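Next come the chains, spelled out residue by residue.
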Amino acid sequence: MELATAAVASTAGAHRYLRRFSSPNYSSLPSSSSSSFARQFSALSASASTSRAQRRRLPVASAAVELREASSQGGDSVRVTETLQPGSSVKFSVEVPPSICQECYETTLQEYAKRFKIPGFRPKKAVPEDILLNYVGPKHVQDATVEAILRHTLPQALASVEDRALEDSVRILTKFEDMANSFSLDTVFRYDVAVDVAPEVRWLSEDKYKNLKVVVEIDEIVDAEKAAEKELKRRHKALGLLRIVADRGLQVGDLVVLDIFAESISSDGSKGEKIPSAESKGFHLDTEENNNLVPGFLGSLIGFRPGETRSFPLQFPESFEQDSLQGVRAQFTVVCKELFYRELPELDDSLAGKLLPGCTTMDQVQERILQRCKEVEKTAIEQATDNAILDQLGKLVEVDVPRALFQEQGQQLYGAKLLQLQAERKLDKDQIASLSSQKAVQEYLESERENINRIIKQMLAVGEIFKAEDLQYSTEQLVKEVENSIEEFKRYNQDYDEGNIKQQVLNCFIRYL
């Protein structure tokens, strides 16, 4: 497949990835065709062959340590020492002179005097310092003064990175208790603070993204001919009648209702904790559609009869979609509740209208289904091309990913994963709560660290291409992104605020492009 430009396919990939920040579901989203971008941008060159098998980046200061001084209103200066840290972070060691501490202390006393009505003193009448201290409490005044110093000096301390600091990434490294205990009006007040900044994107090749070549592999599942055959079979099955199986056990082709329980198996063979995400009551299993089952699960149920209970050990494959279960050995206990077989009508022209409204013959049904599957195949090829180019772009850049950006991207990916599991497997509230715990989130972030960093690097690389080639998103494309995001929220029955979605989409474009 020939592509007009590397930026074109990268743009289509960005179009899809940006949606992840404002949509409840981030995986397997259809990508917009890259053809519209090809018509708009054609300055770069790249080719691809197909086989079926936050904020803008700004330069980071070159010096590892920088000394600055910021003056207060009284003329005394706050002394700031900057030190570059790993993860595109900057550490600031701040020294506040006694004169500024005194200003903050007096301001704090004035605020307390306004807020409290001191017995024996009329409103707005000056209250002696010692009386006010005794009434409010020296500890409260001291803590409030420390907070006032921080509020007063933090903007000065962080002024050098104001235009490239990442939102919500400021961290005061010195413990508040230590600051309060060491506080004195007669000595310099010291504290350390850190902030993440927009990372520098360094290209590993002199050509950067020029002359990029990729090979795109398409999964067999999107092959139009095979997909059409499968879709026709699915529609035919939907017209069948379910009959209760009374004289035999389960066989492939049946539909069975199960209660599934699972416990982990430790290395010594003993049973461990329950696995909520692998359990389900009233689970409907179509034995002809078992691609998502743990290997060996269906085979362990052949001959299963209603009322029967079976227990057997299995191991989740290393490629299992739920990361926390990859490679886990589990003891399954399964109860057969109900068992059915399908009685299917004969597949002839009389079923055409039921299989696909508007059709009168089976030839029409097959032709229209095949056409739809070809459209899906085309979209899948374009999406796979986007993914392949994004993957290559991620390998062409070096980025020291900030902690704040990693946390934001990782948590959003995990939230999307939970919504997808809930939609596909109908997880109950207890299961969602278990998977939403802070421990589960952190485990996901650690296990997916490489993948999360890869996605961030891809997005930042695309942003660099946009700036280098002076590419722009139109208002129509921004509106389309908002509409796509709203459709995703509706699809998963999630509450949303259209104003917030618009702002999130806009922020994503600003951050990366």
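No experiment lies behind these values; they were computed from the predicted model shown.

**Structural notes on the overall build of the protein**
Helix and strand counts for the protein come out as 15 helices and 15 strands. The buried share of the protein, reckoned over its 513 residues, is 45%. Entry remark: accessible area of the protein is about 27600 Å², with carbon and sulfur atoms responsible for 48%.

**Digging into helix α4 (residues 129-136)**
The periodicity of an α-helix, 3.6 residues per turn, causes residues three or four positions apart to be oriented the same way. Turning to α4, its buried residues number three or more, namely Leu-132, Leu-133 and Val-136. Viewed along the axis of α4, the buried residues span an arc of 100°, placing them on a single side of the element. Looking at the packing, one finds that the buried side of α4 touches α3 (98-115) and α5 (138-157). Where α4 terminates, the next one or two residues include Gly-137, which has phi positive at roughly 110°.

**So, unusual backbone geometry**
A negative phi angle characterises most non-glycine residues, just as the trans form characterises most peptide bonds. Its identity as a non-glycine residue notwithstanding, Ser-88 has a phi of 50°, on the positive side. Although it is not a glycine, Asn-211 adopts a positive phi angle of roughly 55°. Mapping Asn-211 onto the fold places it in the loop between β7 (201-203) and β8 (212-217).

**Some points on the environment of Ala-352**
With respect to the helices, strands and loops of the structure, Ala-352 is situated in helix α8 (residues 352-355). For Ala-352, the contacting residues outside a window of four places in its chain are Cys-359, Thr-360, Thr-361, Met-362 and Val-365.

**Observations regarding the nonpolar core**
Within the largest apolar cluster, 43 residues are counted, with the highest numbers of intra-cluster contacts made by Trp-203, Leu-393, Tyr-414 and Ile-452. Of all elements in the fold, only β7, β8, α9 (362-396), β15 (397-399), α10 (403-425), α11 (429-435), α12 (438-447) and α13 (449-468) reach the threshold of two or more residues within this core. Discounting residues that sit within four places of it in the chain, Ile-452 has contacts with Phe-406, Gln-409, Gly-410, Leu-413, Tyr-444 and Leu-445. Membership of the second largest hydrophobic core comes to 25 residues, among which are Val-90, Val-96, Ile-100 and Ala-157.

**Comments concerning the pattern of salt bridges**
Within the structure shown, the criterion is met by 22 salt bridges. Two residues, Asp-254 and Arg-248, come together in a salt bridge whose shortest N-O distance is 2.7 Å. On the accessibility criterion, Asp-254 (2% relative accessible area) is buried. Look at Arg-248 and you get partly exposed, because its relative accessible area is 22%. Three or more residues joined by partner-sharing salt bridges are found here, namely Lys-237, Asp-286, Glu-288, Glu-289 and Arg-342.

**What to know about the environment of Ala-440**
Following the sequence through the fold, Ala-440 ends up in helix α12. Separated by 26 residues in the primary sequence, Ala-440 and Tyr-414 place their C-alpha atoms 9.6 Å from one another. Aside from chain neighbours lying at most four places away, what touches Ala-440 is Tyr-414, Ser-434 and Leu-435.

**A closer look at α3**
Relative to the 26 Å expected for 18 residues at 1.5 Å per residue, α3 spans 26 Å between its end C-alpha atoms, a close match to the ideal helical length. Those residues of α3 lying buried are Ile-100, Cys-101, Cys-104, Tyr-105, Thr-108, Leu-109 and Tyr-112. As for α3, its buried residues are in contact with β3 (77-85), β4 (89-96), α4, α5 and β6 (189-196).

**Some details on the packing of aromatic side chains**
Under the criterion given, the structure shown has nine aromatic pairs. Every member of this aromatic cluster is reached through a ring pair, and the members are Phe-297, Phe-312, Phe-316, Phe-320 and Phe-332. Taking NZ or CZ as reference, Arg-449 lies 4.3 Å from the ring centre of Phe-406, over its face.

**Details of the confidence of the model for the protein**
For the protein, the mean per-residue pLDDT works out to 80, and 81% of the residues sit at or above 70. Low confidence marks residues 1-67, where pLDDT is under 50. Its contacts with residues over four positions away, or in another chain, come to 208 contacts.

**Overview of the state of the cysteines**
All told, the structure shown has zero disulfides when counted by the stated rule. The cysteine Cys-104 is free of any disulfide, with Cys-101 supplying the nearest cysteine sulfur at 6.8 Å.

**Quick notes on the environment of Pro-276**
As for its placement among the helices and strands, Pro-276 is situated in the loop between β11 (271-274) and β12 (280-286). For Pro-276 and Ile-432, which are 156 residues apart along the polypeptide, the C-alpha to C-alpha distance reads 9.0 Å. Other than its neighbours up to four places away in sequence, Pro-276 contacts Gln-431 and Ser-434.

Cut-offs and rules
Residues numbered from 1 in each chain as written. Predicted model: local features only at pLDDT ≥ 70, side-chain atom pairs only at ≥ 80, totals over all residues. Heavy atoms only, no water. Helix = DSSP H or I, 4+ residues; strand = E, 2+ residues; numbered from the N terminus. Buried < 20%, exposed > 50% of the residue type's maximum accessible area, 1.4 Å probe, protein only. Areas by Shrake-Rupley, 256 points an atom, 1.4 Å probe, with all protein chains shown as cover. Arc of directions from axis to C-beta. Contact = heavy atoms within 4.5 Å. Core = buried A, V, L, I, M, F, W, Y, C linked by side-chain atoms within 4.5 Å. Salt bridge = Lys/Arg side-chain N within 4 Å of Asp/Glu carboxyl O. Expected span 1.5 Å × (residues − 1). Phe/Tyr/Trp six-rings, centres within 6.5 Å; stacked < 30°, edge-to-face > 60°. Lys NZ or Arg CZ within 6 Å of the ring centre and 35° of its normal. pLDDT = per-residue confidence, 0-100. Disulfide = S-S within 2.5 Å.

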